[in-house]
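So you can see what is in the structure, the chains are spelled out below.
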Amino acid sequence: KQIEIISPKVIITLGASSSRALIQTEEVISSLRGNFKEYMGIKLMPTYHPAALLRNPNLKKDVWSDMKKVLSVLKKG
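Below is a summary of the structure that appears in this document. These numbers were taken from a predicted model, which means no experiment stands behind them.

Observations regarding the packing of aromatic side chains
Then, number 1: One pass over the full model with this rule turns up 0 aromatic pairs.
Then, number 2: Residue placement shows Lys 43 over the ring face of Phe 36; its charged tip is 5.1 Å from the ring centre.

Re the side chain of Arg 33
Then, number 1: Note on placement: Arg 33 falls in the loop between α3 (29-32) and β2 (37-39).
Then, number 2: If sequence neighbours within four positions are ignored, Arg 33 has contacts with Pro 46, Thr 47, Tyr 48, Asp 62, Ser 65 and Asp 66.

Considering the sheet that holds strand β3 (residues 42-47)
Then, number 1: With mixed pairing, 3 strands are arranged side by side in an open sheet as β1-β3-β2. Edge positions in the open sheet fall to β1 (10-14) and β2, since each of these has one partner strand only. Strand-to-strand twist in this sheet, taken as the mean axis angle between neighbours without regard to direction, amounts to 40 degrees.
Then, number 2: The pairing of β1 with β3 spans 5 bridges and is classified as parallel. Note that in β3 the partner of Val 10 across the bridge is Lys 43.

The rules behind the values
- Residues numbered from 1 in each chain as written.
- Predicted model: local features only at pLDDT ≥ 70, side-chain atom pairs only at ≥ 80, totals over all residues.
- Heavy atoms only, no water.
- Phe/Tyr/Trp six-rings, centres within 6.5 Å; stacked < 30°, edge-to-face > 60°.
- Lys NZ or Arg CZ within 6 Å of the ring centre and 35° of its normal.
- Helix = DSSP H or I, 4+ residues; strand = E, 2+ residues; numbered from the N terminus.
- Contact = heavy atoms within 4.5 Å.
- Pairing = 2+ DSSP bridges.
- Axes fitted to C-alpha atoms, helices over the stretch in contact; angles between N-to-C directions.

Okay, here's the thing in structure tokens:
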């Protein structure tokens, strides 16, 4: 209901749990991240959870790439 009220242009899910819950999949986050999915007609970008970045700082470049894709969508309106 909150998502419906807010009506976001893009949803970013952090980690496998939130991604799997919204898009109803069993895919691992490494294959989900970086590719837009759809949830209730809203673009959804799965990416790594911040805790994963603390464990493996090399993942930061992937998250930055994901965020640039989100920014591109938001700039297009």
